[in-house]
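What follows is the residue order along each chain.
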Amino acid sequence: MATEYRKPLPRPLSPSLTQPFWEAAKRHELVMPRCKTCDHCFFYPRSECPRCLSSDLEWVKVSGRGRLHTFTVVRQPANPAFQDDAPYIYAVVQLDEGPRLVSNVVECDIAAVRVDMPLQAVFADVTPEWTLVKFKPASPPP
Ligand SMILES: [Zn+2]
């Protein structure tokens with residue numbers, strides 16, 4: 001599958017800002033920027049904390065667990081490269097650590113998707129260079 005991925009992939013606009021995110025995704029880890037001054041964890045990556053404007057930042061591994069903040073079911077993708085995937089779930093995920101990110105919910109029946117459902121990150125190695133972070137319904141606690 002990895003060599004046959006022909007969809008338009010997003011590319012970082014500021015590679016130095018986002019490189020730790022993509023490197024962690026390749027390791028199947030989810031990381032977020034965190035401010036060392038005020039402890040605020042945020043996303044998307046920026047050169048300053050959006051809360052206190054400090055530039056003293058670090059990357060921290062997060063749980064990958066969160067909840068579905070909002071979603072839509074895409075039945076007619078704007079880009080024809082995604083037509084074979086339709087219908088698919090375009091989602092905003094609220095991580096347990098606070099940040100929200102745009103992703104897809106996968107491994108989920110379209111009819112079963114609900115706002116606030118628990119999710120966990122999964123990693124799609126779509127090419128040898130790129131791994132995308134997606135989410136699936138969280139396993140119920142044992
Ligand atoms: Zn801060």
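No experiment lies behind these values; they were computed from the predicted model shown.

A. Highlighting the overall build of the protein. The helix and strand tally for the protein stands at one helix and seven strands. If you list the helices and strands of the protein from N to C, you get α-β-β-β-β-β-β-β. Each principal axis of the C-alpha atoms in the protein carries an extent, and together these give about 45 × 35 × 30 Å. Residues counted as buried form 35% of the 142 residues belonging to the protein. The long-range share in the protein, meaning contacts at least 24 apart out of those at least 6 apart in sequence, stands at 51%. Measuring between centres, the 17 positive side-chain charges of the protein sit 3 Å from its 16 negative side-chain charges.

B. Quick peek at helix 1 (residues 15-26). When helix 1 is considered as a whole, its buried residues turn out to be Thr18, Phe21, Trp22, Ala24 and Ala25. Summarising the axial view, the buried residues of helix 1 lie within an arc of 160°, below the 170-degree limit, and thus occupy one face. Following helix 1 by one or two positions, His28 has its phi on the positive side, about 65°.

C. Summary view of the coordination of the zinc ion. Binding of the zinc ion to the protein goes through Cys35 (SG), Cys38 (SG), Cys49 (SG) and Cys52 (SG), at separations of 2.3 to 2.4 Å. Around the zinc ion, the four donor atoms sit at angles spanning 103 to 117°, and that spread fits a shape best called tetrahedral. Between consecutive donor residues of the zinc ion, the sequence gaps follow C-x2-C-x10-C-x2-C. The buried category is assigned to Cys35, whose relative accessible area is 0%.

D. Here's a closer look at the nonpolar core. Counting 27 residues, the largest nonpolar core has Leu30, Met32, Leu95 and Phe135 as the members making the most contacts within it. Listed by contribution, the elements that provide at least two residues to this core are helix 1, strand 4 (88-95), strand 5 (100-105), strand 6 (118-125) and strand 7 (131-137). Looking at this core element by element, the count peaks at four residues for strand 4. Aside from chain neighbours lying at most four places away, what touches Leu95 is Leu30, Met32, Val62, Arg65, Gly66, Leu101 and Phe135.

Rules used throughout
Residues numbered from 1 in each chain as written. Predicted model: local features only at pLDDT ≥ 70, side-chain atom pairs only at ≥ 80, totals over all residues. Heavy atoms only, no water. Helix = DSSP H or I, 4+ residues; strand = E, 2+ residues; numbered from the N terminus. Buried < 20%, exposed > 50% of the residue type's maximum accessible area, 1.4 Å probe, protein only. Contact = heavy atoms within 4.5 Å. Lys, Arg positive; Asp, Glu negative; His and termini not counted. Charge placed at Lys NZ, Arg CZ, Asp CG, Glu CD. Arc of directions from axis to C-beta. Donors = N, O, S within 2.8 Å, 3.2 Å for Na, K, Ca; no water. Tetrahedral: all angles 85-135°; square planar, octahedral: opposite > 155°, others 65-115°. Core = buried A, V, L, I, M, F, W, Y, C linked by side-chain atoms within 4.5 Å.

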